[in-house]
Amino acid sequence: MPDVLEAVKNVLQSLMDDEPKSPLHVGEVMSFWSFLSEMAEEQVHSEAGINSTTDPELKQAFHASVKMFKSQIERLTEFMRLEGVPLPPLSESKPISDPNMVPLGVKLTDDELANSIGIKIYLGISFCATAIIESIRTDVSLLWIEFLQEYMTFGVTIKALMKKRGWLKVPPFYYPPGAPSK
């Protein structure tokens, strides 16, 4: 199946090849700065998740999220440096530890860990979509589109795992008045 976002990216890239770049506006800079700060924190939280779960599939999902966050941090850091944007202070990675050594009063359940990563993905999607709308420069929009596509792809994976394990939080079903009863 063709990747629609990749096709859109290629079209936009071809349109912008000769486009002179204006300076970033303050909204673009603030979005980059905020996103970079948040992704560094999410990477650390995902590393803590790796150190807290014994579930192999959830651990694998956390490893995938760390990989995604690190990649986004690297790409965004490079972009910001090239644009002369100062970088925010970032948290350091967590060392690997034994999940069985985490005290029970501190340790989150797999359900809580899975839902926390689900929330991170939701927030990342919302942030990227907002940043796309606020961006003026095409190259900036393309970077946000890449991040958005990564979040959406990862979100589908984590949601499938959460459904499989019964961890997905589902609000009550709504049956409008007058609807046929089941």
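Residues numbered from 1 in each chain as written. Predicted model: local features only at pLDDT ≥ 70, side-chain atom pairs only at ≥ 80, totals over all residues. Heavy atoms only, no water.

Draft legend 1. Just the overall build of the protein chain, in detail. Across its full length, the protein chain carries five helices and zero strands. Secondary structure elements in the protein chain, listed N-terminal to C-terminal, are α-α-α-α-α. Its C-alpha atoms give the protein chain principal-axis dimensions of about 55 × 55 × 30 Å. Sorting the 182 residues of the protein chain into buried and exposed places 37% on the buried side. When contacts within the protein chain are restricted to residue pairs at least 6 apart in sequence, long-range pairs at least 24 apart make up 80% of them. Taken as a whole, the protein chain presents about 11200 Å² of accessible surface, with 64% of it coming from carbon and sulfur. Distance from the positive charge centre (17 side chains) to the negative charge centre (24 side chains) of the protein chain: 8 Å. (Helix = DSSP H or I, 4+ residues; strand = E, 2+ residues; numbered from the N terminus. Buried < 20%, exposed > 50% of the residue type's maximum accessible area, 1.4 Å probe, protein only. Contact = heavy atoms within 4.5 Å. Areas by Shrake-Rupley, 256 points an atom, 1.4 Å probe, with all protein chains shown as cover. Lys, Arg positive; Asp, Glu negative; His and termini not counted. Charge placed at Lys NZ, Arg CZ, Asp CG, Glu CD.)

Draft legend 2. Region of the structure containing the pattern of salt bridges. On inspection of all chains with the given rule, the structure shows ten salt bridges. We note a salt bridge from Glu42 to Lys120, for which the minimum N-O separation is 3.8 Å. Pair noted here: Glu42 is in helix 2 (residues 26–50) and Lys120 is in helix 4 (residues 110–134), with a separation of 78 residues, a long-range link. Using a relative accessible area of 6% as the deciding quantity, one classes Glu42 as buried. (Salt bridge = Lys/Arg side-chain N within 4 Å of Asp/Glu carboxyl O.)

Draft legend 3. The packing of aromatic side chains, seen in detail. Going through the model one piece at a time under the given rule, you end up with nine aromatic pairs. Ring geometry for Phe35 versus Trp144: centroids 4.9 Å apart, planes at 85 degrees, classification edge-to-face. Of the two residues, Phe35 is situated in helix 2 and Trp144 in helix 5 (residues 138–165); the sequence distance between them amounts to 109 residues. Here Phe35 and Trp144 have matching classes, each one buried. In this structure an aromatic cluster arises from ring pairing among Phe32, Phe35, Phe69, Phe79, Phe127, Trp144, Phe147 and Tyr151. (Phe/Tyr/Trp six-rings, centres within 6.5 Å; stacked < 30°, edge-to-face > 60°.)

Draft legend 4. Up close: helix 4. In a regular helix each residue adds 1.5 Å, so 25 residues correspond to 36 Å; helix 4 covers 36 Å between its end C-alpha atoms and thus fits that length. Considered for burial, the residues of helix 4 that qualify are Leu113, Ala114, Asn115, Ile117, Gly118, Lys120, Ile121, Gly124, Cys128 and Ala131. Looking at the buried side of helix 4, the elements it contacts are helix 2, helix 3 (56–83) and helix 5. (Expected span 1.5 Å × (residues − 1).)

Draft legend 5. Broad picture of the nonpolar core. Within the largest apolar cluster, 35 residues are counted, with the highest numbers of intra-cluster contacts made by Phe32, Phe35, Leu58, Leu76, Trp144, Tyr151 and Ile158. Secondary structure elements with two or more residues in this core: helix 2, helix 3, helix 4 and helix 5. Residues in contact with Trp144, not counting those within four places in the same chain, are Ser31, Phe32, Phe35, Phe127, Cys128, Ala131, Ile132 and Ser135. (Core = buried A, V, L, I, M, F, W, Y, C linked by side-chain atoms within 4.5 Å.)

Draft legend 6. Molecular detail of the side chain of Gln72. Among the structural elements, Gln72 can be located in helix 3. Setting aside anything within four residues of it in sequence, one finds Gln72 in contact with Phe35, Met39, Phe147, Glu150 and Tyr151.

Draft legend 7. Spatial organisation of the environment of Ala160. Inspection of the secondary structure puts Ala160 in helix 5. Judged by relative accessible area, Ala160 falls into the partly exposed class, the value being 46%. With 82 residues separating them along the chain, Ala160 and Glu78 place their C-alpha atoms 33 Å apart.

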